[in-house]
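# Remarks on the overall topology
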Amino acid sequence: MDSAEILVLQASYTNPVHAEAIGIVLNHYAEDPMGGGHPIAPELLQRLPEELARRPHAFSVLAFVGGEPAGLVNCFEGFSTFACKPLVNVHDVAVVGKFRGQGLSQKMLQKVEEIARQRGCCKITLEVLEGNAVAQGSYRKFGFAPGMFNPDHGRMLFWIKALQA
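Counting restarts for each chain, with residues numbered from 1 along the sequence as it is written. Local features in this predicted model are restricted to residues of pLDDT 70 or higher, and side-chain atom pairs are both shown and tallied only at a pLDDT of 80 or more, whereas totals for entire chains, interfaces and linings draw on every residue. With hydrogens and water set aside, each side-chain value is computed from the structure's full complement of heavy atoms.

Among buried residues, those of type Ala, Val, Leu, Ile, Met, Phe, Trp, Tyr and Cys that are joined through side-chain atoms within 4.5 Å constitute a nonpolar core. Each residue's exposure class comes from its accessible area (1.4 Å probe, protein chains only) as a fraction of the maximum for that residue type: buried when under 20%, exposed when over 50%, partly exposed otherwise. Residues Leu62, Val73, Val88, Val90 and Val112 are the most contacted members of the largest nonpolar core, which totals 40 residues. Of all the secondary-structure elements, those providing two or more residues to this core are α1 (16–31), α2 (42–53), β2 (58–65), β3 (68–80), β4 (85–95), α3 (104–118), β5 (124–126) and α4 (133–142). Starting at the N terminus, helices and strands are each numbered in turn, a helix being any DSSP run of H or I of at least four residues and a strand any DSSP run of E of at least two. Here the element with the most residues in this core is β2; it accounts for seven residues. Note on contacts: a residue pair qualifies if any of its non-hydrogen atoms lie within 4.5 Å across the two residues. Setting aside its immediate chain neighbours within four residues, Val112 contacts Phe59, Val61, Val73, Cys75, Val88, Val90 and Ile124.

Structure, rendered in structure tokens:
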């Protein structure tokens, strides 16, 4: 696999190859214990590229190895009130198991950074599970660090409140 060509690009949500790749890699991530351990319903995966396309501040980066979907980063532009500039929040980072160890996350994050810089963003944010040491290592290698304003007040925490339909 090491000699296979690696292609990293910004996805086009209307490109059927890209749309299918987003579904394949995202579902692989969802089935992994670090993604929750449960598959995503096929009808949701099929609808996802169209829903992402409706959001002008969404973008995705895909990695292909030898033409096969291998990695995905889904991002959403937000806004930093303190900097009065846009930011990019990385929502999903996924690399298909058999393609791990080839530096795909670093290559995809580099593409995310390029896009963020083109958009005039002041920073890139992401969340990572406490128990996901591999992902944390990858993010540290890329230059991420736990969010903090002042060490006296500790690190930022990511909290959620689920809204049931």
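With that out of the way, let us pick up the UniProt feature "domain: N-acetyltransferase" (unreviewed entry) in the protein. UniProt positions are given in the numbering used here, feature names are shortened, and annotations may be inferred rather than shown by experiment. As recorded in UniProt, the sites labelled "domain: N-acetyltransferase" (unreviewed entry) are residues 24–164. Helix makes up 32% of residues 24–164 and strand makes up 25%, while its end C-alpha atoms are separated by 26 Å.

Between any two strands, pairing holds if DSSP finds at least two bridges. One open sheet holds the five strands; their spatial order is β1-β2-β3-β4-β5, and the pairing between them is mixed. The sheet is open, and its two edges are formed by β1 (6–10) and β5, each paired on a single side. Sheet twist, expressed as the average angle between the axes of neighbouring strands with direction ignored, equals 25°. As paired elements, β1 and β2 share five bridges and run antiparallel to each other. Each residue of the ladder has a partner; that of Leu7, found in β2, is Phe64. Running at roughly 90° to β3, α1 makes contact with β1, β2, β3 and β4 of the sheet. The axes are straight lines fitted to the C-alpha atoms, using for helices just the contacting stretch, and the angles between their N-to-C directions are given from 0 to 180°.

Two cysteine sulfur atoms form a disulfide, by the criterion used here, when they sit within 2.5 Å. Per the counting criterion, the structure on display carries zero disulfides. In this structure Cys84 is not part of a disulfide, and its nearest cysteine sulfur, from Cys122, lies 9.6 Å away. Cys84 gets classed as exposed once you look at its relative accessible area, which sits at 58%.

Mapped onto the elements, Glu114 comes out in helix α3. Sequence-wise, Glu114 and Gly78 are 36 residues apart; in three dimensions their C-alpha atoms are separated by 16 Å.

Moving on, we come to the packing of aromatic side chains. The aromatic pairing rule takes the rings of Phe, Tyr and Trp, using the six-membered ring of Trp, and pairs them if the centres are within 6.5 Å, calling planes under 30 degrees apart stacked, those over 60 edge-to-face and the rest tilted. For the structure on display, the rule yields three aromatic pairs. Aromatic pair Tyr139 and Phe144: ring centres 6.0 Å apart, planes at 70°, arrangement edge-to-face. When sorted by exposure, Tyr139 lands in the same class as Phe144, which is buried.

This next bit is on the pattern of salt bridges. A carboxyl oxygen of Asp or Glu within 4 Å of a side-chain nitrogen of Lys or Arg is what we treat as a salt bridge. This model, assessed by the stated rule, comprises eight salt bridges. Here Arg100 and Asp32 are joined by a salt bridge, their closest N and O atoms 3.6 Å apart. Placement of the pair is Arg100 in the loop between β4 and α3 and Asp32 in the loop between α1 and α2, with a sequence separation of 68 residues. We classify Arg100 as partly exposed; its relative accessible area is 46%. Across the salt bridge formed by Arg54 and Glu51, the nearest N and O atoms sit 3.4 Å from each other. Residue Glu51 is classed as partly exposed on the basis of its relative accessible area, which comes to 21%. Taken together, the salt bridges that share partners define one network made up of Glu50, Glu51, Arg54 and Arg55.

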